[in-house]
Amino acid sequence: MIKLERKKDEKWIFQKNVSSRNIIKAFLEVVNQIRDTDNKHEIRKQLREINIYKGRSDEGSLNTMGVRMSQMCFYMFGYKSSSNIFMPAPTTLNMMKNGNDIEKNMLINLFSIQFPHPYSRTSSNFSIYAGRLITKLLTEKRINFRLYIDEFIWFLPFIKKIDDELYENLVESIIEYRSLSYDEKSILFYSVENCNDVFSNCMHECKYYFMKIFEEFGVFNMIIDRTHNDGNLFSFKHGNTNTYRRDNVQGKYSGYIELNPSLLSNAVCLLKKFSPFDKPVSLDDPEVFSNQEWITDLYEIEQLQYLEIVMPEIAEKRKIIESINNMQFCSKYGSVDGKDFENSLKPVFELFREVLHVGIISGAGDTDLLCMLQDDDSNIYKINVDGKSRTSSSNMNVKRILRHIEKHDSKYCIVVAPRFNRGTILDIKNEPIVAVTSETLAKYCSKECMSSTDYMADYIGLSKIIEKHYGEDISPKLEKYIDDKYGISL
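Here's what I pulled together on the structure shown here. Nothing here was measured: the structure is a model prediction, and the numbers come from that model.

**What to know about the overall build of the chain**
Secondary structure summary: the chain contains 19 helices and 14 strands in total. Looking at the chain as a whole, 57% of its 490 residues qualify as buried. Entry remark: accessible area of the chain is about 20,900 Å², with carbon and sulfur atoms responsible for 46%.

Following this line, the structure appears as structure tokens:
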């Protein structure tokens, strides 16, 4: 059987503040309605009116609101921006826009959970796509597409890393574990030091919160099995209380979780493209330069990639997701000459409803893209767009860019790159040139398109920022604009 270190402080940690789908759903609906940066009191007021939030006083606690927000972040509904704003993730925007897709979006939230996780205190020794592993096990024929609650807490929370060999060992160990009697399993559990403390904590987090949340959102089915363990339950005392955590599904019987059958094909498609054996994105990766960039990768880029797989029938969304993902990828990993990145920018700028035409010019001595736009007064104007890949972003030739602006009689030039150094920004000071990171541009387009009824982005808001900040890196300003428009102050 697979050998695992089983300790309370060396396991997956699932947040356990809210376990009800109704609370989470109502919370998100209220959050979705209130976008001002000063409305935490109003959120609390509305939640109290529908009996979702009950504080210890008449006024309630704003700290409780922060705790609720943190749990939303753990279960991948959104994240906190650099200015401490709660930013709904793409799946959340989808759920608020189209209630029929809740189960599919929640499958993506499950699939997205990993350790390390920015909103979990799980030990840094863990490096695993936990959600992908759970999904794979629930599509595993050899274990009948199910995970019993007792075997879930015996094995899964203690798996630090996974590869093909370890996965095979895990599946074989689950099969072996199932062949044991209840008494033999009990011997295993009670052989662990401080077993009550370790497994009551696991049971509490896994069954009462993690499983319940995904069951109530339609991702899991929790099935009673009256014959499991000959009808016996495992029961672990929780701390210095008279509370016991049991593996019952209902009443005095245990059971198992399975995937909602309607999601099985979606899960298989996700696993074909994204392996649970991959190494999760972390702050240790050389391509991740900050905590905020790591969070954006997890909540924006990866979720969009998963959405592309799960919702291919929605043509508009598929085109948007493909365009944004491709641009993000090419900005960091495209061809050395930058052509891949230049070409990837065209479909992204075509997402703006005010853009009438986008042409690829490129070539020596010219801009990469020439865009024709219409402002809110129906005036037509042109802008240049230059893409600078990771290898060329430090070589911005300002005089050449100015010549290109003059050549096409353009209003200004937008330079897009993975990031910019201080010297580059100083070079464009006071010129009709702005810089914006590919990550921020992608985030803006994603939020705009996924929230609008026509799946298009607004350019007017972006243009107002540009025209007020010529000669600057507008990424921080655009991030604040996104926060104000789509986020909720914590």
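Now that the structure is up, let's keep going.
**What to know about the layout of surface pockets**
Considered as a void within the structure, the largest pocket measures approximately 500 Å³ in volume. Around the largest pocket, the lining is made up of 18 residues, and of these Val281, Ile301, Gln305, Phe329 and Tyr333 lie nearest the centre. Going through the elements one at a time, helix H12 (291–310) and helix H13 (315–333) are the ones with two or more residues in the lining of the largest pocket. Within the lining of the largest pocket, the residues separate by chemical class into seven nonpolar, three polar and eight charged.

**Quick word on the pairing of strand S12 (residues 413–417)**
Looking down a regular strand, the side chains alternate between one sheet face and the other. In terms of burial, S12 is a largely internal element, five of the five residues being buried. As paired strands, strand S11 (residues 380–387) and S12 are joined by four bridges and run parallel to one another. Across the sheet, residue Asn384 finds its bridge partner in S12, namely Cys413. Each parallel crossover has a hand, and the one from S12 via helix H16 (residues 422–427) to strand S13 (residues 433–437) is right-handed.

**Notes on the nonpolar core**
Counting residues in each nonpolar core, the largest one holds 130 residues, and the members touching the most others are Trp12 and Phe210. Beyond its immediate chain neighbours, meaning those up to four positions away, Trp12 contacts Phe115, Thr122, Phe126, Ile128, Ala130, Leu133, Ile134, Leu156, Pro157, Ile159 and Glu205. Among the nonpolar cores identified, the runner-up in size contains 12 residues, and Met396, Cys413, Val415 and Phe420 belong to it.

**Some points on the environment of Leu259**
Tracing the backbone shows Leu259 in strand S8 (residues 253–259). For the pair Leu259 and Thr139, spaced 120 residues apart in sequence, the C-alpha separation works out to 7.8 Å. When residues no more than four places from it in sequence are discounted, the contact partners of Leu259 are Leu107, Thr135, Leu138, Thr139, Val219, Phe220, Asn221, Leu264 and Ala267.

**A closer look at unusual backbone geometry**
With an omega of 10 degrees, the peptide bond between Phe115 and Pro116 qualifies as cis. Its place among the elements puts Pro116 in the loop between helix H5 (102–112) and helix H6 (130–137). We note that Tyr455 has phi near 60 degrees; this positive angle belongs to a residue other than glycine. Here Tyr455 is to be found in the loop between helix H17 (438–451) and helix H18 (460–468).

**Structural notes on the packing of aromatic side chains**
One pass over the full model with this rule turns up 35 aromatic pairs. Connected via pairs of aromatic rings, a cluster forms that spans Trp12, Phe14, Phe74, Tyr75, Phe115, Phe152, Phe210, Phe214 and Phe220.

**Details of the pattern of salt bridges**
Pairs can form between side chains of opposite charge once their charged atoms are near each other. A complete count under the given rule lists 21 salt bridges for this structure. The salt bridge partner of Glu140 is Arg142, with a shortest N-O separation of 2.9 Å. Taking the shortest distance from any N to any O, the salt bridge between Arg142 and Glu168 comes out at 2.7 Å. Here Glu168 lies in helix H8 (residues 164–178) and Arg142 lies in the loop between H6 and strand S3 (147–148), a separation of 26 residues in the sequence. Glu168 sits in the partly exposed class, given a relative accessible area of 31%.

**Topic: the sheet that holds S13**
Judged by pairing direction, the sheet is mixed, and its five strands sit side by side in the order S9-S10-S11-S12-S13 without closing on themselves. Two strands in the sheet have a free side with no partner beyond their single neighbour: strand S9 (355–360) and S13. Averaged over neighbouring strand pairs, the angle between their axes works out to 25 degrees when direction is ignored. Relative to strand S10 (residues 369–374), S9 is paired through five bridges, and the arrangement is antiparallel. Its bridge partner being in S10, His357 is matched across the sheet by Met372. Helix H14 (residues 339–349) contacts S9, S10, S11 and S12 of the sheet and is inclined by roughly 145 degrees relative to S11. Most of the contacts of H17 go to S13, to which it runs at about 80 degrees, and overall it touches S12 and S13.

**Observations regarding helix H19 (residues 475–486)**
When the terminal C-alpha atoms of H19 are compared, their 16 Å separation across 12 residues agrees well with the 16 Å that a helix rising 1.5 Å per residue should span. Of all the residues in H19, the buried ones are Ser475, Leu478, Glu479, Ile482, Asp483 and Tyr486. The buried residues of H19 all sit within an arc of 145 degrees when viewed along its axis, so they share a single face. For H19, the exposed residues set more than 90 degrees away from the buried face come down to Pro476 and Lys480.

What counts as what
- Residues numbered from 1 in each chain as written.
- Predicted model: local features only at pLDDT ≥ 70, side-chain atom pairs only at ≥ 80, totals over all residues.
- Heavy atoms only, no water.
- Helix = DSSP H or I, 4+ residues; strand = E, 2+ residues; numbered from the N terminus.
- Buried < 20%, exposed > 50% of the residue type's maximum accessible area, 1.4 Å probe, protein only.
- Areas by Shrake-Rupley, 256 points an atom, 1.4 Å probe, with all protein chains shown as cover.
- 1 Å grid on protein atoms, 1.4 Å probe; cavity = no way out; pocket = protein on both sides within 12 Å on 5 of 7 lines; lining within 4 Å.
- Points joined across faces, edges and corners; volume = space filled by probe spheres on them.
- Nonpolar A, V, L, I, M, F, W, Y, C, P; charged D, E, K, R; others polar.
- Pairing = 2+ DSSP bridges.
- Right-handed = clockwise from strand over helix to strand, strands pointing away.
- Core = buried A, V, L, I, M, F, W, Y, C linked by side-chain atoms within 4.5 Å.
- Contact = heavy atoms within 4.5 Å.
- Phe/Tyr/Trp six-rings, centres within 6.5 Å; stacked < 30°, edge-to-face > 60°.
- Salt bridge = Lys/Arg side-chain N within 4 Å of Asp/Glu carboxyl O.
- Axes fitted to C-alpha atoms, helices over the stretch in contact; angles between N-to-C directions.
- Expected span 1.5 Å × (residues − 1).
- Arc of directions from axis to C-beta.

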